[in-house]
Amino acid sequence: MNRLPAILRLGLFLLAALPLIAKADTLTGYVIAVTDGDTIRVLDAHKQQHRVRLFGIDAPESHQAFGNRARQYLANLAFQKNVTVTYTEKDQYGRILGTVFVGRQNLNLELVKAGMAWHYVYYAKNVTALADAEKEARQHRRGLWADNQPIPPWEFRRNRSKPEN
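Residues numbered from 1 in each chain as written. Predicted model: local features only at pLDDT ≥ 70, side-chain atom pairs only at ≥ 80, totals over all residues. Heavy atoms only, no water.

Asks: Just checking my understanding: could you explain the packing of aromatic side chains for this structure?
Replies: When we look at a pair of aromatic rings, we describe it by the centre distance and by the angle of the planes. Enumeration according to the criterion identifies five aromatic pairs in this entry. Geometrically, the ring pair formed by Trp118 and Trp154 is edge-to-face, given 6.1 Å between the ring centres and 75 degrees between the ring planes. Placement of Trp118 in strand β8 (residues 118-119) and of Trp154 in helix α6 (residues 153-161) is noted, with a sequence separation of 36 residues between them. Owing to a relative accessible area of 4%, Trp118 belongs among the buried residues under this scheme. Judged by its relative accessible area of 26%, Trp154 is partly exposed. For the pair Tyr120 and Trp154, a centre-to-centre distance of 5.1 Å together with 10 degrees between the ring planes defines the contact as stacked. Here Trp154 lies in helix α6 and Tyr120 lies in the loop between β8 and α4 (121-124), a separation of 34 residues in the sequence. (Phe/Tyr/Trp six-rings, centres within 6.5 Å; stacked < 30°, edge-to-face > 60°. Helix = DSSP H or I, 4+ residues; strand = E, 2+ residues; numbered from the N terminus. Buried < 20%, exposed > 50% of the residue type's maximum accessible area, 1.4 Å probe, protein only.)

Asks: Explanation requested: the nonpolar core in the structure shown.
Replies: Burial of nonpolar side chains together is a common tendency in soluble globular proteins. Counting residues in each nonpolar core, the largest one holds 34 residues, and the members touching the most others are Ile40, Val52, Leu74, Val85, Val100 and Leu107. Broken down by secondary-structure element, the contributors of at least two residues to this core are β1 (25-36), β2 (39-43), β3 (49-54), α2 (67-78), β5 (82-90), β6 (96-102), α3 (107-113) and α5 (128-139). Residues within four places of Leu107 in sequence aside, it is in contact with Leu54, Leu74, Leu77, Ala78, Val100 and Val102. (Core = buried A, V, L, I, M, F, W, Y, C linked by side-chain atoms within 4.5 Å. Contact = heavy atoms within 4.5 Å.)

Below, the structure is given as structure tokens:
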């Protein structure tokens, strides 16, 4: 009988912690555009458009080596297909940050496996599937890893924003 207060305390603790537990939302819809190698536009059943940035990855920029290939690869996987997006937040530009699925295929993971995107460790350091996929793509020199020194998109963006002398 001495356990009841402990169980009650645990129950109250869990109840108080509920708002802190992130609840994943789901978006389902049809891909109407592929903006670049890590961003799509999804039309939902209510005909509302949503911009979706694939979480945990960063594909080369359009004017960067492999940028157009990454966009085309994502288009081959997703354009004019039904997708499910799981997400918990939006980014500073109002885009949904999510994991995109066509059926059971995780497109975020597929892009990294094919060497069409980096695992974006800064935002997704604990996503070991992406880390493992990047390691394997590097070892097999797939996609952008065929280059001797590929430039990560975050460095490419930073270098482009610097004023020239």
